[in-house]
Amino acid sequence: MAHSTLTRIVIWAGALAASVAAQDTCETVENRTSITVLKPVSIDYDIEQTEYWSTYSGDLKPTCILEPETSEEVASILSILRENNETFAVKSGGHNPNNYFASVDGGPLISTKKLNEIIFDADSKTVRVGPGNRWDEVGEQLDATGYTVVGGRIGNVGVGGYLLGGGLSFMSTEYGWAANSILEYTVVLANESIVTVSEASHPDLFMVLKGGGSNFGIVTSYLLQAYAQGDIWGGNLEFEATAEKTAALLSAVRNFTENYPDAKAGIIMTAERTLATLLDIWVMFLYYNGPEPPPGVFDSFLDIGPTINTCKTQRYSDLLSGNNWAVVKGSVYTIGTETIPLPGPEDGPEIMGAIFDHWVNVSDTAKFVPGLIASIAFQPLPKEIATIASSKGGDMLDLDDDINRIIVELDYSFLFKSDYDQIDMTMRSTYDGIGDIVKGYQQSGALPSDAYLPLFMNDCFYPQDYFGRLRPEKLELAQSVEADVDPDGFWKERTGGFKIPTT
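A short tour of the structure in this document, coming up.

1. What about the pairing of strand 10 (residues 218-225)?
1) Next: Counting buried positions over the eight residues of strand 10 gives seven, a clear majority of the element.
2) Next: Summarising the sheet, strand 6 (residues 126-129) and strand 10 pair through four bridges and their orientation is antiparallel. What sits directly across from Val127, in strand 10, is Leu224.
3) Next: Bridge count for strand 8 (residues 182-188) against strand 10 is six bridges, and the pairing is antiparallel. Following the sheet pairing, Glu184 is matched in strand 10 by Leu223.

In structure tokens, the structure reads:
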């Protein structure tokens, strides 16, 4: 009995100490600086917590929300944080649903909301963008300039996390990953120093920031290459998920990826199931960098016969805002991924069908989870993207252009946190099963056995081994740079996210 009481006292004392440390950080920032500090009793605090894509992340309660407006203010916050050992998080748009990646419970949250500059320079054809923006905001600001930047495909996605994860774009077959068009980073390092990072000034740090996540500092601005753009064409196609249409769509996306018809074209092919599978549809996102696509670019999809077609000529920012319907508000949200080699035309129907059927079977095991929406997206990753990325200096994914690939994105949304453990297992079963299917076809010779298949960080579920799937030399580079810029393990020990394994 005495031992039990002592144990409870020790636990209580530890919790109290952690609470006091967090409170001290918030109060110290408020006392020492002019940085905005939002507290749990305020309306602005509550609003900020609703801006996560996953309600679970929003239900994690930071002790306060700090809203710096400059790199110097970010450095001041880090200086105060280094005086204690509390956990904290940094948030851009809040679209990453992995708990504790951009959310925190019981420590301060650094919101980049006010780091929201968008400055276009016509002479250099560049745009300086703060991480606190969302992509539809960037698009709206640039509309009048006749230029755009390589960014997200859904407007509500935040700039910061998207770019640090590499960033797949509708424009990637023209310009590569979004990270390939970053010319310069402004970064606040763990030692509070503010560094301008470019290929010329800090080549190794510059490289690892292109797909290395939040392991090296807080990026307070990005200098992006701008590209000329006028009206574009795009929207959505919706199809019934009959067996015939499903087979036709899977074949069409495979053929489109292999025989990419036009670098100005971009697609996402998504299957959606909800209402205990009563609603079973395909939704396709289309984009063309021009007022009208040339004949034949999207015919293989249009000929299948969509029930809804919203595609039209419009401004790029309007397309991004229009795609915001895909953000499911008011639900717990999870995301996972796998990368597959593109199967050849002979084996394509069987392999693509096996992956789709696996997703159907696994999602069926959770179909009665309240509010469940299950989706699978086939995202083309043709050789051209790897070629362009390499020509622009490369990135952490370091794709070769020997093969075409498809990034498979998996999403499960549902209403209640109490069902999280079940969906956690469902998600793992889904991407693990896809990986097993790929390995099986590699063993049979239907898929290349030596294919390099890294994971796309922006779509990874929290247990996935992002760094372990990179090339060994890129992992070693990340380890080396981390040891150089964060020798004390500040980010590794104090924040969430995909962490670099130790040597």
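2. Notes on the pattern of salt bridges
1) Next: Applying the stated criterion across every chain, the model contains 23 salt bridges.
2) Next: Taken together, the shared-partner salt bridges in this structure form one network comprising Glu48, Glu51, Lys91, Lys113 and Arg134.

3. Quick look at a nonpolar patch on the surface
1) Next: Side chains of Leu275, Leu278 and Leu279 sit close together on the surface and give an oily, nonpolar patch of about 340 Å² of accessible area.
2) Next: Structurally, Leu275 can be placed in the loop between strand 13 (265-274) and strand 14 (279-288).

4. Here we look at the sheet that holds strand 1 (residues 36-38)
1) Next: With mixed pairing, four strands are arranged side by side in an open sheet as 1-2-4-3. Both edges of this open sheet fall to strand 1 and strand 3 (89-91), since each of them pairs with a single strand only. Strand-to-strand twist across the sheet, computed as the mean angle between neighbouring axes with direction ignored, equals 25 degrees.
2) Next: Relative to strand 4 (residues 109-111), strand 3 is paired through three bridges, and the arrangement is parallel. Bridge pairing in strand 4 places Val90 opposite Ile110.

5. Examining the sheet that holds strand 8
1) Next: Across the sheet, five strands lie side by side as 5-6-10-8-9; this open sheet has antiparallel pairing. Edge positions in the sheet fall to strand 5 (118-121) and strand 9 (194-197), since each of these pairs with one other strand and no more. Put simply, the sheet's adjacent strands are angled 15 degrees from each other on average, direction ignored.
2) Next: As defined by bridge partners, strand 5 adjoins strand 6 across four bridges and the pair is classed as antiparallel.

6. Focus on the packing of helix 9 (residues 243-258) against helix 12 (residues 348-364)
1) Next: Contact pair helix 9 / helix 12: the axes reach a minimum separation of 10 Å and the direction vectors enclose 115 degrees. Regarding the angle of helix 9 to helix 12, the classification is roughly perpendicular. Between helix 9 and helix 12 the crossing geometry is right-handed. Every residue of helix 12 that contacts helix 9 at Thr246, Leu250, Val253 and Arg254 is listed here: Gly348, Met352, Gly353 and Phe356.
2) Next: Tallied by class, the residues present in the contact of helix 9 with helix 12 amount to four nonpolar, three polar and one charged.

Reading the values: rules and limits
- Residues numbered from 1 in each chain as written.
- Predicted model: local features only at pLDDT ≥ 70, side-chain atom pairs only at ≥ 80, totals over all residues.
- Heavy atoms only, no water.
- Buried < 20%, exposed > 50% of the residue type's maximum accessible area, 1.4 Å probe, protein only.
- Helix = DSSP H or I, 4+ residues; strand = E, 2+ residues; numbered from the N terminus.
- Pairing = 2+ DSSP bridges.
- Salt bridge = Lys/Arg side-chain N within 4 Å of Asp/Glu carboxyl O.
- Patch = residues over 30% accessible without salt bridge, like charges linked within 9 Å, V, L, I, M, F, W, Y side chains within 5 Å.
- Areas by Shrake-Rupley, 256 points an atom, 1.4 Å probe, with all protein chains shown as cover.
- Axes fitted to C-alpha atoms, helices over the stretch in contact; angles between N-to-C directions.
- Parallel < 35°, antiparallel > 145°, perpendicular 65-115°, else oblique.
- Left-handed = near helix turned anticlockwise from the far one by under 90°.
- Contact = heavy atoms within 4.5 Å.
- Nonpolar A, V, L, I, M, F, W, Y, C, P; charged D, E, K, R; others polar.

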